[in-house]
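# Results of the structural survey
Each chain is listed here by its residues.
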Amino acid sequence: MQALLQQAQNMQQQMASAQQELAETEVTGNAGNGLVTATVTGGGELTDLTIDPKIVDPEDVETLQDLVIAAIKDANQKAQALVEQKLGPLAQGGLGGLLG
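Residues numbered from 1 in each chain as written. Predicted model: local features only at pLDDT ≥ 70, side-chain atom pairs only at ≥ 80, totals over all residues. Heavy atoms only, no water.

The subject of this paragraph is the pattern of salt bridges. When their charged atoms lie close together, side chains carrying opposite charge are able to pair. Evaluated as defined, the whole model comprises 2 salt bridges. Put simply, Glu21 and Lys86 hold a salt bridge, and the shortest N to O gap is 2.7 Å. Of this pair, Glu21 sits in helix 1 (residues 2-24) while Lys86 sits in helix 2 (residues 61-99), and the two are 65 residues apart along the sequence. Taking the relative accessible area as the measure of exposure, Glu21 reaches 36% and is therefore partly exposed. Here Lys86 falls in the partly exposed class, since its relative accessible area comes to 31%. (Salt bridge = Lys/Arg side-chain N within 4 Å of Asp/Glu carboxyl O. Helix = DSSP H or I, 4+ residues; strand = E, 2+ residues; numbered from the N terminus. Buried < 20%, exposed > 50% of the residue type's maximum accessible area, 1.4 Å probe, protein only.)

Below, the structure is given as structure tokens:
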């Protein structure tokens, strides 16, 4: 029983460490062949947004809005993939992995 508790505690520490690492890791998504880039943390926090001035057209704000949304979505998808990569082995093991 003691070994089981120790293993659970180790898993909890690994999970906390992985979550901290994810919170500090940034990923960048883009849209419009890099005309708009968005950077988010592994936790999904938007930390930077860059818009190439040549895409800014006062007559076509809708395109710029769409590109901003697409870049943020791309960054968030990459962040989610990173989360699954980092936490997947820990989350999949769960207590079932401890008991079996």
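So, next bit.
Let us now look at the environment of Ala31. Positionally, Ala31 belongs in strand 1 (residues 26-31). Judged by its relative accessible area of 8%, Ala31 is buried. It is 7.4 Å that separates the C-alpha atoms of Ala31 and Val68, two residues lying 37 residues apart in sequence. Discounting chain neighbours no more than four positions away, the residues touching Ala31 are Val36, Leu67, Ala70 and Ala71. (Contact = heavy atoms within 4.5 Å.)

Moving on to the confidence of the model for the protein. On average, residues of the protein carry a pLDDT of 86, and 88% of them reach 70 or more. Scored below 50 in pLDDT, residues 94-100 shows 6 contacts in the model against residues more than four places distant or in partner chains. (pLDDT = per-residue confidence, 0-100.)

Here Lys78 lies in helix 2. Setting aside its immediate chain neighbours within four residues, Lys78 contacts Val27, Thr28 and Gly29.

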